[in-house]
Amino acid sequence: MKKPVYDRKEEVDLEPFAALVGDDIMDFIFENAPRKVLTRVARALEHYVRAGNLEGIDEEMGAIRLIAGEEELVVAVFEWLKLNADSFPEHMDFVGKFKNHVVKLAFYPALLQFRFILSGFLRHGLTMDGLESVMNYTPKLVIEGKRIRLALYDANGKELIRANPFAINISREDIAQKDMPKALLGELAGTVEAQQKATLREFLISRADFRNQLLYASDAGSLVMGEPLADLRKTFEQTFHDLLWVLALVVGGEQANKDGGVVNQFISVYRLALIEAKILKTDNSIAEPAGA
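Residue numbers restart at each chain and count upward from 1, following the sequence in its written direction. Predicted model: local features are reported for residues with pLDDT of at least 70 only, side-chain atom pairs are reported and counted for 80 or more only, and whole-chain, interface and lining totals are derived from all residues. Side-chain descriptors were evaluated using all non-hydrogen atoms of the structure, hydrogens and water having been removed beforehand.

## Some points on the overall build of the protein
And step 1. Going along the chain from the N terminus, every DSSP run of H or I of four or more residues is numbered as a helix, and every run of E of two or more is numbered as a strand. From N to C terminus, the protein includes 10 helices and 5 strands.
And step 2. Here's how the labels work: a residue is buried when its accessible area is under 20% of the maximum for its type, exposed when over 50%, partly exposed in between, all with a 1.4 Å probe on protein chains only. In the protein, which comprises 292 residues, the share counted as buried stands at 45%.
And step 3. Should any heavy atoms of two residues lie within 4.5 Å, those residues are counted as being in contact. Look at the contacts in the protein between residues 6 or more apart in sequence, and 64% of them connect residues 24 or more apart.
And step 4. For the protein, the exposed area adds up to about 14900 Å²; of that, 51% sits on carbon and sulfur atoms. With residues, only the protein chains shown are counted as cover, and all accessible areas are computed by Shrake-Rupley using a 1.4 Å probe.

Printed below as a string of structure tokens:
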């Protein structure tokens with residue numbers, strides 16, 4: 001499957017990314033996203049493919065290409081947000097820092113908190129308390145023209161309704177809605193501490209600095225990769241899958257309202273993570289830490 005990009009004459013083989021998310025999603029992105037977005041997707045794809053070609057030859061450079069591919073997909077999302085500022089107004093404080101590696105590489109860890117919650121919703125369906133045995137709906141994201149919608153199906157597979165996926169809010173009975181971003185950030189920090197034995201700030205800074213450690217020596221010597229490039233590439237397959245879906249959703253979605261919806265919740269968590277990493281100040285103005 002090839003699609004034109006750049007000057008609309010050169011074609012790019014999308015099959016490696018289509019293998020991760022499906023032909024329909026890659027078709028949707030390339031049919032609806034503008035050139036400023038597509039050039040980033042094409043470059044991310046190039047990094048992904050060339051990283052595979054470097055297995056057993058230059059493993060460190062392959063890892064750097066995977067990291068660069070993740071960053072390019074995040075920038076693709078940023079470019080869409082910049083072009084649609086009226087629909088997504090609360091983004092310019094970090095989108096404008098797209099050259100900062102910490103800003104780009106903090107995006108996916110924040111996204112993981114939402115993927116964990118929302119993937120369970122998509123996988124297991126939804127019901128109502130006390131009615132689990134008689135009422136169970138299966139949600140599925142579907143393409144509808146230039147939009148991506150959330151369709152609900154009953155137990156017999158009959159479609160009941162299609163809704164805006166961005167109208168979803170993550171909520172809990174014991175946490176006020178205004179406090180949900182801090183709660184989600186706290187869960188992210190707890191996961192990082194348990195898995196990485198580091199604070200959230202230490203993790204985000206070290207994640208952004210990993211590429212420099214692979215490239216350059218320090219007084220302590222040079223960093224050696226802890227896993228083969230082939231294994232690291234499999235890990236990045238999930239990263240690219242998730243970021244491509246996010247891109248498709250922002251291209252095909254519509255903001256629910258200015259103050260609500262899962263997009264604003266994500267932006268709030270992402271912003272809090274950047275404040276934790278000292279990229280943003282508490283007043284949301286830009287700081288300039290290491291990694292800029």
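Picking up where we left off.
## Focus on the pairing of strand β4 (residues 147-153)
And step 1. Within β4, 6 of the 7 residues are buried, which leaves the element mostly enclosed by the surrounding structure.
And step 2. Two strands are counted as paired when DSSP detects at least two bridges linking them. Across 7 bridges, strand β3 (residues 138-144) lies against β4 in antiparallel orientation. The partner of K140 across the bridge, within β4, is A151.
And step 3. Two successive antiparallel strands, β3 and β4, enclose a turn made up of 2 residues, where G145 displays a positive phi of approximately 65°.
And step 4. Bridging between β4 and strand β5 (residues 159-163) involves 4 bridges; their strand directions are antiparallel. From the neighbouring strand, L150 faces β5, where its bridge partner is A163.
And step 5. Hairpin connection of β4 to β5: 5 residues between the antiparallel strands, including G157 at a positive phi of 85°.

## Some points on the environment of D24
And step 1. Residue placement: D24 occurs in helix α2 (residues 23-32).
And step 2. You can call D24 partly exposed: its relative accessible area is 47%.
And step 3. When the C-alpha positions of D24 and V142 are compared, they lie 9.9 Å apart, and in sequence the two are 118 residues distant.

## With respect to the packing of aromatic side chains
And step 1. A pair of aromatic rings is counted whenever rings of Phe, Tyr or Trp (Trp by its six-membered ring) have centres within 6.5 Å, and the orientation is called stacked for planes under 30 degrees apart, edge-to-face for over 60 and tilted otherwise. Under the criterion given, the structure shown has 9 aromatic pairs.
And step 2. Ring geometry for F236 against F240: centres 5.9 Å apart, planes inclined by 45°, an arrangement best described as tilted. Of the two residues, F236 and F240 are both situated in helix α9 (residues 229-252); the distance of 4 residues between them amounts to about one turn of the helix.
And step 3. A residue is classified by how much of its surface remains accessible, and F236, at 8% relative accessible area, is buried.
And step 4. Put simply, the rings of F78, F107, F114, F266 and Y270 pair up and form one aromatic cluster.
And step 5. To sit over a ring, a charge needs its Lys NZ or Arg CZ within 6 Å of the ring centre and within 35 degrees of the ring normal. Above the plane of the ring of Y48 lies R233, whose end atom (NZ or CZ) is 4.1 Å from the centre.

## What to know about the side chain of E71
And step 1. Mapping E71 onto the fold places it in helix α4 (residues 59-83).
And step 2. E71 sits in the buried class, given a relative accessible area of 6%.
And step 3. Leaving out residues up to four positions away in the same chain, E71 has contacts with H101, K104, L105 and R211.

## Looking at unusual backbone geometry
Where the residue is not glycine, phi is negative for most of them; where a peptide bond is considered, it is trans in most cases.
And step 1. Unusually for a residue other than glycine, K197 sits at a positive phi of about 55°.
And step 2. If you trace the backbone, K197 turns up in the loop between α7 (180-196) and α8 (200-215).
And step 3. Note on K197: relative accessible area 70%, which makes it exposed.
And step 4. Not every positive phi belongs to a glycine, and K278 is a case in point at roughly 65°.

## Brief notes about the sheet that holds β5
And step 1. With antiparallel pairing, the 3 strands of this open sheet are ordered in space as β3-β4-β5. Edge strands, defined here as strands with exactly one partner in the open sheet, are β3 and β5. Sheet twist, expressed as the average angle between the axes of neighbouring strands with direction ignored, equals 30°.
And step 2. Interaxial angles span 0 to 180 degrees and are taken between N-to-C directions of axes, which are lines fitted to C-alpha atoms, for helices over the stretch in contact. Contacts between α9 and the sheet are confined to β3 and β4, with β4 contributing the most and set at about 100° to the helix.

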